[in-house]
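What follows is each chain in one-letter form.
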Amino acid sequence: MSFHLFLYAVAAVALWLASLYLHPFGACLRCRGQGHLIRGSKRKPKAVTCPRCKGAARCQRFASKTVHQLARRVRRYRQHQARLTERTPSHADRNL
Ligand SMILES: [Zn+2]
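This structure is a prediction, so every number in the text was calculated from the model and none was measured. (Residues numbered from 1 in each chain as written. Predicted model: local features only at pLDDT ≥ 70, side-chain atom pairs only at ≥ 80, totals over all residues.)

### Overview of unusual backbone geometry
- For Arg32, which is not glycine, the phi torsion reads 55 degrees and is therefore positive.
- Along the chain, Arg32 falls in the loop between strand S1 (25–27) and strand S2 (36–40). (Helix = DSSP H or I, 4+ residues; strand = E, 2+ residues; numbered from the N terminus.)

Structure, rendered in structure tokens:
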């Protein structure tokens, strides 16, 4: 029972990380994707540009930057390894 729960938790985290990688930007939480806030009194409402997203209405989602940095690091490591295997001569080349 607890093992199944663990599997569901791992699957949920994996889905969350995949969604962060595919959709790094989401609606701004402060202005709820409006791009502006209503300030002032009820009689004189005044629309102010959201200070968090600066009117873009979209913000980078929590931990999406870390996920992309990690993906970039893995990609560079793989390219580096591929370059190393290309450069080192194999045993078949040495015998010639
Ligand atoms: Zn905003």
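### A short note on the nonpolar core
- Among the nonpolar cores identified, the biggest contains 5 residues, and these are Cys28, Cys31, Cys50, Cys53 and Cys59.
- Residues within four places of Cys59 in sequence aside, it is in contact with Phe25, Gly26, Cys28, Leu29, Arg52 and Cys53. (Core = buried A, V, L, I, M, F, W, Y, C linked by C-beta atoms within 7 Å. Buried ≥ 20, exposed ≤ 12 C-beta atoms within 10 Å, placed from the backbone. Contact = placed C-beta atoms within 7 Å.)

### A few points about the packing of helix H1 (residues 2–22) against helix H2 (residues 64–87)
- Contact pair H1 / H2: the axes reach a minimum separation of 9 Å and the direction vectors enclose 85 degrees. One way to sum up the angle between H1 and H2 is to call them roughly perpendicular. Within the contact between the two elements, H1 uses Leu17, Leu20 and Tyr21 and H2 uses Ser64, Val67, His68 and Ala71.
- Its residues placed into classes, the contact of H1 with H2 shows 5 nonpolar, 2 polar and no charged. (Axes fitted to C-alpha atoms, helices over the stretch in contact; angles between N-to-C directions. Parallel < 35°, antiparallel > 145°, perpendicular 65-115°, else oblique. Nonpolar A, V, L, I, M, F, W, Y, C, P; charged D, E, K, R; others polar.)

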